[in-house]
Amino acid sequence: MISPRLKKHGAVWTIHTLLGIWMIISLFPPLMLVAASLNRTALFRSPLDLLMFRNFSTENFSQAFVRGDFWFFFTNSVIISTSAVVITLVVCVPLAYGLTKIVNRRVKRDQIAV
Amino acid sequence: MARHRDKFTRGWWFILPGLILMTIVVGTPLLMGFYYSLHDVFLYSFNDQVFVGLDNYRRALEDPLYINALQITAIFTVGCVVTSVGLGILIAFLLNARQVRFRAMWVALFLIPFVMTPVVGGIAWRFFIWQQEFGVVNQVLAFFGGDKPYWLLDRETALLATIITNSWHLTPLAILVFYAALTTIPDELHEAGRVDGAGPFQALWYIVLPMLRPHILFVSIIIITSAFREFDMIWALTGGGPGRSTSVLSIFAYNRGIANQDMGMANTIAFTMFIIMAVVAWLYITLYRRRVGENT
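Reading the values: rules and limits
Residues numbered from 1 in each chain as written. Chains lettered and ligands numbered in written order. Predicted model: local features only at pLDDT ≥ 70, side-chain atom pairs only at ≥ 80, totals over all residues. Heavy atoms only, no water. Core = buried A, V, L, I, M, F, W, Y, C linked by side-chain atoms within 4.5 Å. Buried < 20%, exposed > 50% of the residue type's maximum accessible area, 1.4 Å probe, protein only. Helix = DSSP H or I, 4+ residues; strand = E, 2+ residues; numbered from the N terminus. Contact = heavy atoms within 4.5 Å. Salt bridge = Lys/Arg side-chain N within 4 Å of Asp/Glu carboxyl O. Polar contact = N/O pair within 3.5 Å; in protein donor to acceptor, adjacent residues only side chain to side chain. Nonpolar A, V, L, I, M, F, W, Y, C, P; charged D, E, K, R; others polar. Patch = residues over 30% accessible without salt bridge, like charges linked within 9 Å, V, L, I, M, F, W, Y side chains within 5 Å. Areas by Shrake-Rupley, 256 points an atom, 1.4 Å probe, with all protein chains shown as cover. Lys, Arg positive; Asp, Glu negative; His and termini not counted. Charge placed at Lys NZ, Arg CZ, Asp CG, Glu CD.

Chemist: Got a minute to help me understand the nonpolar core in this structure?
Modeler: When a protein is soluble and globular, its nonpolar side chains tend to lie buried together. Judged by nonpolar contacts, the single largest core of 43 residues is most densely connected at Leu19 of chain A together with Phe178 and Ile223 of chain B. Taken together, the elements giving at least two residues each to this core come down to α1 (4–37) of chain A together with α3 (64–95), α4 (103–110), α8 (158–182) and α10 (200–228) of chain B. Aside from chain neighbours lying at most four places away, what touches leucine 19 of chain A is Ile91, Leu94, Leu95, Val100, Trp106 and Phe110 of chain B. Grouped together as the second largest cluster of nonpolar side chains are 17 residues, Met32 of chain A together with Trp125, Trp130 and Leu237 of chain B included.

The structure is reproduced here in structure tokens:
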């Protein structure tokens, strides 16, 4: 007979273990990208080997800034994302407000929204 | 009455800029796409456009490669929806358990795959997870004495690998929506279930799932539309290969339009995708309204 306390502990451990497994699956690819970026020769090396950081180097980052023209692409990304956010807010906030005002039998709000 | 009409007119003034913008950025490409789908248009002789009516649609429907791409897209979409929604419900249910600590931290960590660019996620999975020699999956299989398959180079496994990778990207969205929905289920329902002797699985089946039904519909439609037009992650993983085993409609349209320079056919494929998605969206809205109607 399992005591209620032991049962409760078992449930806590099971839930946290399952969540932990999903966390590993979720985070492993981005973690590997970070590990690869911090190793000198990342391609065709075992992921576990990369995580050991045997060839640790920040050279890839300096290369990205110097040879990869990072700031040029970064500026483009900032311009595009900022414009998209501004346009969306300027257009969609009044639109959502307007939709709440047009209560009419002939015009259905959902249809305009879709 | 006059006041009501005034309010109505004012509402339209607020809607108008958005409506105009949507007409320009959505309506124009759509109409142009439809126009090109009715013509023979080739990139190398763009100005020599010949009107062919619905001939491109007939050619597409008679093309076994189009049918193959349609089947692969359907399998890919269904696979992604089932996996993402199933995992989303399970993980959200676990997250919502009373015993879980640091919930905000778990939710934040689980969201990371969703905010990653699909191309970057695809590259990470291709080189670190599915890679034949050093990939984690094969290393785990080898540890247990299994074979080391070429996941992305084998016609039998490539589609499965792309479905799993895309589900990894989309599951966080499902987790977020289902977790938010689960927090709104009154504790009394769970208490009542416990009093009646319901275990965790019975609670999931008889309490949680019925309460989540409208949210499942919502998440499903988002994932269907996202998976149906998926391009970048599949392109980063397999490029549509090996052979045509992962060539979904968007990749097929791209190949026709860019590699074959047949923009008429590419637009035809894209327009059929739009029609299929419009039908799915209409079905969703109908189902959703019926569900809301039942609940109110």
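Chemist: It is not clear to me how the interface of chain B and chain A should be interpreted in this structure. Could you clarify?
Modeler: For interface size, the figure often reported is the accessible area lost on association. Counting from both sides, the interface comprises 40 residues of chain B and, opposite them, 40 residues of chain A. At the junction of chain B and chain A, the tally comes to 0 salt bridges. Linking chain B with chain A are 3 residue pairs in polar contact (both at pLDDT 80 or more). Secondary-structure elements contributing two or more residues to the side of chain B that touches chain A are α1 (2–37), α3, α4, α5 (112–115), α6 (118–129), α7 (136–143), α8 and α13 (263–295) of chain B. The element best represented in the side of chain B that touches chain A is α1 of chain B, accounting for 11 residues. Considered class by class, the residues forming the side of chain B that touches chain A number 30 nonpolar, 7 polar and 3 charged.

Chemist: Any chance you could explain a positive patch on the surface here in plain terms?
Modeler: Together, Arg5 and Lys8 of chain A together with Arg98 and Arg101 of chain B make up a region of like positive charge exposed at the surface. Residue position: arginine 101 of chain B is located in the loop between α3 and α4. Overall, the relative accessible area of 60% leaves arginine 101 of chain B in the exposed class.

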